[in-house]
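Fold and contact review
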Amino acid sequence: MLELLISTFVVLFVVLDPIGTAAIFVALTPYGDDAWRRRMALRAVALSTGILLAFFFVGTLLLDVVGITMPAFRIAGGILLGLIAIDMMFARQSGLRSTTVRERLEAGHKEDISVFPLAFPLIAGPGAMTTVLLMQGTQREPLLMVAMLGVLLLVLGMTLVSLLAARHIARVLGETGTNVVSRLLGLILVAMAVQFVIDGVKLSFGLD
């Protein structure tokens, strides 16, 4: 159980990427005052929490409705997380876990960036939603489900702290430091993504 919770924490931490998100948050809020930034951070994390909790509690029901099996979703989720990991390792932005240039320009002219692009796609993006669905769809024990929910809330809390301290983090790490951390986390995520695919294939053929 402890090993599974640690693995879940690592995947969520890497996918939500509190440090990288904080760096982007600084870029999106160059002119706002501290009170406005704090309000945007709190609102964005609250919205992201609502989105991810919804996926956590009704995710498998959604898959059942559209006729997708969990092994198929594990394979698809592993591929998606692998693509995100490649982006992280090469320190590039493809839109899977960040905003595009046009989206950043649009956000720069908005007074409220908490929903877009902060809550989605920066925090509760496709990778985070996929990870939460994989968490919820592979475990049925009530105690373990509660523990995994606690891990999710812990990582979201860490994301909030990172956003509130975004300027300090950006000042200490700089762009180079942020990219180095992102590459290291990306390497870990590649291995976990491959494991998701392997597990999905094994389940599909009844080899587990």
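Above this text sits the structure in question.
Counting restarts for each chain, with residues numbered from 1 along the sequence as it is written. Local features in a predicted model are, by the rule used here, given only for residues with pLDDT of at least 70; side-chain atom pairs are given and counted only at 80 or more, and totals for whole chains, interfaces and linings are based on all residues. As a convention, hydrogens and water are excluded, and side-chain values are obtained from all of the structure's heavy atoms.

Let us now look at the pattern of salt bridges. A carboxyl oxygen of Asp or Glu within 4 Å of a side-chain nitrogen of Lys or Arg is what we treat as a salt bridge. Evaluation of the coordinates by the stated rule reveals three salt bridges. With its nearest N and O atoms 3.0 Å apart, the salt bridge here joins Asp-34 to Arg-37. Linking Asp-34 with Arg-37, this pair stays in helix H3 (residues 34-66), spanning three residues, or about one helical turn. Under the scheme applied here, a residue whose accessible area is under 20% of the maximum for its type counts as buried, over 50% as exposed, and between as partly exposed, the area being computed with a 1.4 Å probe on protein chains only. Since its relative accessible area comes to 54%, Asp-34 is described here as exposed. Here Arg-74 and Asp-199 are joined by a salt bridge, their closest N and O atoms 3.3 Å apart. Remark: Asp-199 occurs in helix H9 (residues 166-204) and Arg-74 occurs in helix H4 (residues 70-89); sequence separation between them is 125 residues. Residue Arg-74 is classed as buried on the basis of its relative accessible area of 8%. Each helix is a run of DSSP H or I of at least 4 residues and each strand a run of E of at least 2, with the numbering of both proceeding from the N terminus.

Right, let's talk about H3 for a bit. Each α-helix turn comprises 3.6 residues. Residues three or four places apart therefore point the same way. Bend is the name given here to the angle between axes fitted to two runs of seven residues, the run ending at a residue and the run starting at it. Along its length, H3 reaches its greatest deviation from straightness, about 65°, at Val-58. At the exit of H3 stands Gly-67, carrying a positive phi of roughly 75°.

All quantities given are derived from atomic positions and should not be read as evidence of function.
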